[in-house]
Structures are given as structure tokens and as C-alpha cells.
Amino acid sequence: DTVEGFFLLDVNRYSSALPAFDHALALDAAYGDAWLGRGLALQGLSRHAEALAAFQAASALEPRRSIFRSYAAKSASQIGDRKLAGKELRLARALDPRDPTPWLYSALDRHQNGEFNDGIRDLEKSVELNDNRSVLRSEMQLDRDRAVRSADLASLYDAVGMIDVSERAAGRAVDSDYSNFAGHLFLARSL
């Protein structure tokens, strides 16, 4: 059920993925990955408070997994709890200093709250750490991750008036993943 749920998440079928994770949890309520999947499905449905609760359950069950903390931080940020988001991001970084995910979510939170320079710094750190996930992700997935980070960097550079740097970051997003809509859109706007 969990594998099916993650497959459904990959094709953005959040409503269909949720019952798959719920069934997996009915079989084993202590399975952290099923809680992670449930949280991701709820996030995709914009049910952020419920997603946060799922990520917190995963973190309670497996407190040493950085990724659970990163997603909890993302949900906390989305419901406006910056204090909890900051705490979860610090824990995620301490648990796995080589994981780019907490740096990405920190950058997005800072961008959303007008802290552009700090957001740029965090996103640059995330880009630097991106390939550390090569054991877990395919080259295509790493390229997508790189493209997302580059498109977000382009937006942050633009926000602080660094137009030329912004255009180059948008170009890197397109180069990394030609199908990345955000990179194309931002590059087109800049031209």
C-alpha cells in the first residue's frame, strides 16, 4: 500500500494516495514512511495542519530521520507557525547536515516572509548539497531538484534586484530540467 501511495503521489493523485497510506497505517501504525506519505498527500490537498500532524507522528516514531523534520517544518511554515518551523529545521540540519531539504524549506519560508538575502543564502546551500542525495534519487530526480532550486533562486535574486544573476539562475533551471515550467516561465519574463 505504501509503494502504491508513493506512486500516486508521484503523479499528483493526492486524493487517491491518501487511502493507500491510511490502509498501510491500519496494518502498521508505527511505520514512519506511511505517515510521511500520508502527510505528503494531505499537503498536496492543502490540508496543512493535518499534514503537520502526520509528519509529527512520523518524527515521534523515528526521531532520527531528518526528512520527517523537514516536512514538518514546511507544514508549520504553511500554517504560519514560524517558531515551530525554525525548531524543526534546526533539528533536521543537526540530524543530517548533508541533506539539502531543510535548507530548501528554510529558503522558501524566508522568501515568503521577505527575508530575501537569508533566503538566497539558504537556497545556495541547498543547491550545494543537492547531489548528496544521489544514493536515494536517480539522476533525473536530482536534475529536477536542481531545477526547482535554481528557479527559486532566480525568484529570490530578482526580489533583491540582481536581475542578471536571476536570469542565469533561471537558465540553469531550464538546463537542469527542460520540462521545468517555473524555469521557463521565469526565463521568459526576464527576457
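What you see is a predicted model; the values in this text were computed from it and never measured. Numbers given for residues are sequential positions, taken from 1 along each chain in its written order. The model is predicted, so local features are restricted to residues of pLDDT at least 70 and side-chain atom pairs to those at 80 or more, both for listing and for counting; the totals for chains, interfaces and linings are taken over all residues. Working from all heavy atoms in the structure, the side-chain values ignore hydrogens and water.

(A) Broad picture of helix α4 (residues 48-61). A run of H or I in DSSP counts as a helix once it spans at least four residues, and a run of E counts as a strand once it spans at least two, with each numbered from the N terminus. What a helix is expected to span follows from its residue count: subtract one and scale by 1.5 Å. Here α4 is 14 residues long and its end C-alpha atoms lie 20 Å apart, about the 20 Å a rise of 1.5 Å per residue gives. Whether a residue is buried, partly exposed or exposed follows from its accessible area with a 1.4 Å probe, protein chains only, as a fraction of its type maximum: under 20%, in between, or over 50%, in that order. Those residues of α4 lying buried are His 48, Ala 51, Leu 52, Ala 54, Phe 55, Ala 58 and Ser 59. One face of α4 carries all of its buried residues, which in axial projection span an arc of 165°. Each element contacted by the buried residues of α4 is listed here: α3 (32-44), α5 (66-78) and α6 (82-95). Working note: the arc is built from the helix axis to C-beta atom directions. What makes two residues a contact is simply this: any of their non-hydrogen atoms within 4.5 Å.

(B) Region of the structure containing unusual backbone geometry. The residue Asn 12 is not glycine, and still its phi comes out positive at about 60°. Tracing the backbone shows Asn 12 in the loop between α1 (2-10) and α2 (14-27). Despite not being glycine, Ser 46 shows a phi value in the positive range, around 60°. One can find Ser 46 in the loop between α3 and α4. On the basis of relative accessibility, which here comes to 52%, the residue Ser 46 falls in the exposed class.

(C) The pattern of salt bridges, seen in detail. For salt bridges, the criterion is a side-chain nitrogen of Lys or Arg within 4 Å of an Asp or Glu carboxyl oxygen. Overall, the coordinates contain 14 salt bridges when judged by the stated rule. Linking Glu 50 and Arg 47 is a salt bridge whose minimum nitrogen-to-oxygen distance equals 2.8 Å. With a relative accessible area of 32%, Arg 47 lands in the partly exposed category. Two residues, Arg 65 and Glu 62, come together in a salt bridge whose shortest N-O distance is 3.1 Å. A relative accessible area of 29% means that Arg 65 is categorised as partly exposed. Among the ionic contacts, a cluster of salt bridges with common partners joins Arg 82, Arg 93, Asp 109, Arg 110, Glu 115, Asp 118, Arg 121 and Asp 122.

(D) Molecular detail of the packing of aromatic side chains. Stacked, tilted and edge-to-face pairs are distinguished by plane angle, under 30 degrees for stacked and over 60 for edge-to-face with tilted covering the rest, among Phe, Tyr and Trp rings (Trp via its six-membered ring) whose centres lie within 6.5 Å. Within the structure shown, the criterion is met by three aromatic pairs. Relative to Phe 21, the ring of Phe 6 has its centre 5.0 Å away and its plane inclined at 75°; by these criteria the two rings are edge-to-face. In this pair, Phe 6 is assigned in helix α1 and Phe 21 in helix α2, connecting sequence segments 15 residues apart. Relative accessible area serves as the criterion here: at 0%, Phe 21 is assigned to the buried category. Ring geometry for Tyr 71 and Tyr 105: centres 5.5 Å apart, planes at 55°, overall tilted. Placement of Tyr 71 in helix α5 and of Tyr 105 in helix α7 (residues 101-112) is noted, with a sequence separation of 34 residues between them. Residue Tyr 71 is classed as buried on the basis of its relative accessible area of 17%. Judged by its relative accessible area of 11%, Tyr 105 is buried. Through pairs of rings, three or more aromatic residues link up here, namely Phe 55, Tyr 71 and Tyr 105. Working rule: Lys NZ or Arg CZ, within 6 Å of ring centre, within 35 degrees of ring normal, means a charge sits over the ring. The ring of Trp 103 carries the charged tip of Arg 93 above its face, separated from the ring centre by 3.9 Å.

(E) Focus on the nonpolar core. By size, the foremost hydrophobic cluster in this structure holds 30 residues, and its most contacted members are Leu 9, Ala 17, Leu 36, Leu 40, Phe 55, Tyr 71 and Leu 123. Counting residues per element, this core draws most heavily on α5, which supplies six residues. Every residue in contact with Leu 40, bar those within four places of it in the chain, is listed here: Phe 6, Leu 9, Tyr 14, Phe 55 and Tyr 71. Residues belong to one nonpolar core when they are buried, are Ala, Val, Leu, Ile, Met, Phe, Trp, Tyr or Cys, and are joined through side-chain atoms within 4.5 Å.

(F) Region of interest: helix α8 (residues 116-129). With 14 residues, α8 should cover 20 Å at 1.5 Å per step; its first-to-last C-alpha distance of 20 Å lies within 8% of that length. Within the sequence span of α8, burial applies to Gly 119, Ile 120, Asp 122, Leu 123, Ser 126 and Leu 129.

(G) Broad picture of the packing of α4 against α5. The convention used is that axes are lines fitted to C-alpha atoms, helices contributing only their stretch in contact, and that angles between N-to-C directions extend from 0 to 180 degrees. Contact geometry for α4 and α5: axes closest at 8 Å, N-to-C directions at 155°. Taken together, the axes of α4 and α5 are roughly antiparallel relative to one another. The way α4 lies across α5 gives a crossing that is left-handed. Here α4 contributes His 48, Ala 51, Leu 52, Phe 55, Ala 58 and Ser 59 to the contact with α5, which in turn contributes Phe 68, Arg 69, Tyr 71, Ala 72, Ser 75, Ala 76 and Gln 78. Think of it as three bins: nonpolar holds Ala, Val, Leu, Ile, Met, Phe, Trp, Tyr, Cys and Pro, charged holds Asp, Glu, Lys and Arg, and polar takes everything else, Gly as well. Of the residues that constitute the contact of α4 with α5, the class distribution is eight nonpolar, four polar and one charged. Any angle that falls under 35 degrees is termed roughly parallel, while one over 145 is termed roughly antiparallel, one within 65 to 115 roughly perpendicular, and all others oblique. In this scheme the handedness of a crossing depends on how the near helix is turned from the far one: anticlockwise by less than a right angle means left-handed, clockwise means right-handed.

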